[in-house]
Amino acid sequence: MTHQGIGARLARKEDDRYMRGRGQYVGDIKLAGMQEVAFLRSPLAHARIGAVRIPAPIRERVFIAEDLAGVAPIRADTTLPGFKSSLQPVLATGKVRYVGELVAMCVAPTRAEAEDLVAAIDLDLEPLPVVADMLEARKPGAPLVHEHWGDNLFLTSAIEANFDLDAVKAKAARSITRELRTSRQVMSPLEGRGVVASWDGRLGQLVVYTSTQQPHIVRSGLAECLGLDEGQIRVVAPDVGGGFGYKGILLPEEIALAWATRRLGCPLKWLEDRREGLTANANCREHHYILTAYADASGRLLALDCEATVDAGAYSSYPFSACLEGGQIVSILPGLYDFPHYRCRAYSVATNKPPILPYRGVARTGVCFALEVTLEALAREIGAEPNELRFKSLVRPEQMPFDNIAKRHFDSGDYPEALRRAVEAIGFEAVRARQRRGEPDGRRIGVGFAMYSEQAGHGTSVYAAWGIPMVPGHEQCQARFTPDGGLELRIGAHSHGQGLETTLSQVAHSILGVPHERIRLVHGDTAETPYSTGTWGSRSMIMSGGAVAAACDALAARVLRIGAGLLQARPEEVRLEAGEVVGPSGRIAVADVARTWYRRPQDLPGDVDPGGLEVTAGYKAQRDTGTFSYAAHAAVVAVDTETGELEILDYVVVEDGGVLVNPMIVDGQIMGGLAQGIGTALYEEMPFDAQAQPQASTLADYLLPGPTEVPEVRILHMETPSPYTRFGQKGLGEGGAIAPPAAITNALNDALADLGVELLVSPITPRRIVEAIERARSRAAAA
Amino acid sequence: MKPVAFEYTRAASVAEAVRMLRDNPEAKVLAGGQTLGPMLNLRLAQPALLVDITRMAELAAVAQDADGVSIGAIVTHAAIEDGDVPDPTGGFLARVARGIAYRAVRTRGTVGGSLAHADPAADWLSCLAALGAEALIAGPQGSRRVPVASLVRGAMATVLEAHELLAAVHIPRFSREARFGFHKVCRKTGEFAEAIGVAVHDPARGSTRLAASTPAGAPLVIDACDLQPGRGAPPDTAEMRRRLSAAGFASDAHGLTLGAVALVRAFREMTGP
């Protein structure tokens, strides 16, 4: 038998249907009598709603805010002191606060006809002053997104650790201050959001098929907004074509359809089109930093002092709230480094733009960009190679586990070793030699690095401190044998590209020895799975993996008990081995034990546990502060100084994700994340004009990297087990998307260093590169 | 987004298509649909009638004569890429076709549709203008020929009347010694170009011609007989920038640089290794 357990490079089970085009997505669901929905969205970023004139013949098929009696707005508060609550109406009430906000819902037999209804509505808007930029929004006198707040601040997050500015300045031989910015981006899963809602009169139950990562959380959110019991709602997440965080958000569209299907008595469908996703919904990533790094004379990091701003958009989204990114920034800015003084303040600011939503890596991508780009700037300033400074300041392996200055508890790892391997694999000295020789085509080349860690599977205490609508607890798995010896695993998390159907089978196989092909994972349906906050924060392999193991352990005990009886052995004499109960006098297949339990109960031992071969068991983390996978990325780029064209010549990832359950899937996760990270670094940007009008509305304007833009990447693994998880595994689903903007920008800045050019805004587009070179030339000419 | 309701009809002949266009001022011609399709979905185009011309044998026809080759309007980029069409440039057309968008687009997109939509970033517009090709335009009063270089009035606007149909493009035959170069500056593979440069040199005619796409619409075609491959240093970016400015290239500094670089690289490709 081939190795099918933990550590096997097993082909993904789910790919059989995905690769043959046989997945079942929300868009594939067809219910009898189903009608389609299109929304009238606000054309202005900030305006008072006047008359909404709906032609009488279509009035019955159009719904506006006043029609939605009994529907509560989405409320995603935190209990952090000073947080200001925003109520996000399902359909805009009183005023609109961003372009694309829902104003009216139109129902027709087809989407095209529903859009005709949208076009027939005459909307009166009285424009209000617009606040389009987060820094403007912070200024006194800025237009107010929520008038009663008195300012535009959702929350200020702050950490101050052992920080006295005068003392730091006195100690520091070197310091550098940089202002950095990450542009607003849009998450772009292949499948957008989509909802099919229907009312089951027999069960008195709302059934919502929705493209979500978190079906149980959607159920809670729907219940809160619609005033229904949770038992009256069933949420099904079928195949989901990529989530990345966007599918973790409760959307007003979901609530609108859920309400209207009951009112109209027919199933309703809304499929987000790419324009809705781009302009109104899937926004993310927009940060601004003013960061000062202090070092001693040897180049060892002494202190970080940072003021960060997050453009959180108009509303706090459910369940992660508008404080997630700001809260993360202050807690993760120290990176992998050990230094004595730290101060960081992050302002989460409301603007007339769509809510900012968590995207793979969440705040880490921006933080890594700010920190690692500043550190390499500091190294240049000192006249050191970039990694000299890192090696002096990285947390060392003998310090593990390590509580850092922001009170993060790093569980395990060898950060300097990861960097050493990256330096070697990228051929650092060879690149330096090549730089000295120059390129025959006149381009300049540069090499850059970036490191990060990824906190994953962090649980109750972390989220309870934030007090957002969702606090993850302990995770369960229901496991049962079928009468013919197959194994069913039911989990409340969701798999939408992560390969959980495969990796959780590997976990179960490691314990029970059931052949891989006889294990089925059931997920994505609140009616069939235990409660879970879902799949987010790279938590599933830790939490659901732990729960599957616990449930399989419990099943194994029952199987052994029955097997011992059938083998006429004492319980302590038998063991599980390769799918068989093995005793002193013989062996019996687990499948035969299952058959006996279900089909021949007359053969069971008299003292059998009547609980049978079906258990629910849970996983409780030994520590709920999470695992910290980490990586060193290294990039070599070539840049044409005339056109600003940039080519990635080489890219190395040295990743430590603890014990790898399926190394092939891990490589896939890293590659996929990397493609998105390259998008952040080089292509993706959703510009807004001064009136907060989104300036990209199709994928012709909003550039995503394609296969030809993603280079061959060399991935090297380290496997330092986490001391806190069942198998030593760590969460690692987001890491690939975190470091590329920093590593690639550092490589570019290295290539252009002697021109005095430094890029500090992502994405580093050809135009930005050329303009920076021009600015440096003008400065040099003026000097 | 889904289109506004429209009528759809398939024309059996050029004459019938022209008649339909004349009788229906709100009609639009549908060829490969690679531009019109998205425009319909985004409701940027709201025609009352689509006249599908993709099944007409006369528009798929390819004819050769001593002067050159006529390629029917509905010949796809892929057919040209695959060498299914005689190429009077000895392979340059296939090389340009290979770089248009993605293969999926090329299997449906047509040379006539590309010219008639007149997107300034379209590959054929600059390429065929540089080659001195002519568009054959059918109308109620018969047909006329318009140089591709004069076809475009502005971005997405041509000299075609509402009731006219671009039926074919005639590409002159070049000598065996002729050399060609084409370069586009793209943010990523398959995207519309930010700048296109074309260079054509035919010793038999003693001609060197450059063409550059412009943001405003019609490509700029520049006669550069003084530039002969192998004679003197090849033009650099500053030189091409100068020539573009002299020819009235309207753009900001970055756009001018990209146009000049596209020309330098096209010229380099034309000159060969």
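Only a predicted model underlies this, so the values are computations on that prediction, with no experimental measurement involved. (Residues numbered from 1 in each chain as written. Chains lettered and ligands numbered in written order. Predicted model: local features only at pLDDT ≥ 70, side-chain atom pairs only at ≥ 80, totals over all residues. Heavy atoms only, no water.)

Describe the nonpolar core, and please don't skip the residues or the numbers.
Generally speaking, a soluble globular protein has its nonpolar side chains buried in company with each other. Within the largest apolar cluster, 181 residues are counted, with the highest numbers of intra-cluster contacts made by Leu222, Tyr342 and Ile744 of chain A. Ignoring sequence-local partners within four residues, the contact set of Ile744 of chain A consists of Ala635, Val637, Leu646, Ile648, Tyr651, Ile678, Ala681, Leu682 and Ile764 of chain A. (Core = buried A, V, L, I, M, F, W, Y, C linked by side-chain atoms within 4.5 Å. Buried < 20%, exposed > 50% of the residue type's maximum accessible area, 1.4 Å probe, protein only. Contact = heavy atoms within 4.5 Å.)

Kindly report on the interface of chain B and chain A, identifying the contributing residues and their values.
Chain B puts 18 residues into the contact, and the matching count from chain A is 25 residues. Between chain B and chain A lies a buried interface of about 1900 Å² when both sides are counted; carbon and sulfur atoms form 49% of it. Per-residue buried area on chain B facing chain A is highest for Met1, Arg187 and His254 of chain B; these three make up 35% of the total on that side. Joining chain B to chain A, the criterion identifies 5 salt bridges. A salt bridge links Glu645 of chain A to Arg265 of chain B; the shortest N-O distance between them is 2.8 Å. Taken together, the connections running from chain B to chain A amount to 13 residue pairs in polar contact (both at pLDDT 80 or more). The element best represented in the side of chain B that touches chain A is helix α10 (residues 253-271) of chain B, accounting for 5 residues. Looking at the side of chain B that touches chain A residue by residue, the class counts come to 7 nonpolar, 4 polar and 7 charged. (Buried area = accessible area lost by both parts, 1.4 Å probe. Salt bridge = Lys/Arg side-chain N within 4 Å of Asp/Glu carboxyl O. Polar contact = N/O pair within 3.5 Å; in protein donor to acceptor, adjacent residues only side chain to side chain. Helix = DSSP H or I, 4+ residues; strand = E, 2+ residues; numbered from the N terminus. Nonpolar A, V, L, I, M, F, W, Y, C, P; charged D, E, K, R; others polar.)

Tell me about the packing of helix α9 (residues 364-382) of chain A against helix α10 (residues 386-393) of chain A, and name the residues and values.
Residue and element names in this part refer to chain A. Contact geometry for α9 and α10: axes closest at 8 Å, N-to-C directions at 110°. Here α9 is positioned roughly perpendicular relative to α10, judged by the angle of their axes. In terms of crossing hand, the pair formed by α9 and α10 is right-handed. Of the residues in α10, those in contact with Glu372, Leu375, Glu376, Leu378, Ala379 and Ile382 of α9 are Pro386, Leu389 and Arg390. For the contact of α9 with α10, a count of residues per class yields 6 nonpolar, no polar and 3 charged. (Axes fitted to C-alpha atoms, helices over the stretch in contact; angles between N-to-C directions. Parallel < 35°, antiparallel > 145°, perpendicular 65-115°, else oblique. Left-handed = near helix turned anticlockwise from the far one by under 90°.)

Please set out the side chain of Asp411 of chain A residue by residue, giving values where relevant.
Residues and elements named next belong to chain A. By secondary structure assignment, the location of Asp411 is in the loop between β21 (409-410) and α11 (415-426). Since its relative accessible area comes to 2%, Asp411 is described here as buried. Excluding its chain neighbours within four sequence positions, the residues that come into contact with Asp411 are Met400, Pro401, Gly626, Thr627, Phe628, Ser722, Pro723, Tyr724 and Lys730.

Can you break down the environment of Cys284 of chain A residue by residue, with the values?
All names here are of chain A. Position of Cys284 relative to the elements: it lies in strand β16 (residues 283-284). Sequence separation between Cys284 and Asp311 is 27 residues, and the spatial gap between their C-alpha atoms is 8.9 Å. Those residues within four positions of Cys284 in sequence are excluded, and the remaining contacts are Ser183, Arg184, Gln185, Val186, Met187, Ile356, Leu357 and Tyr359.

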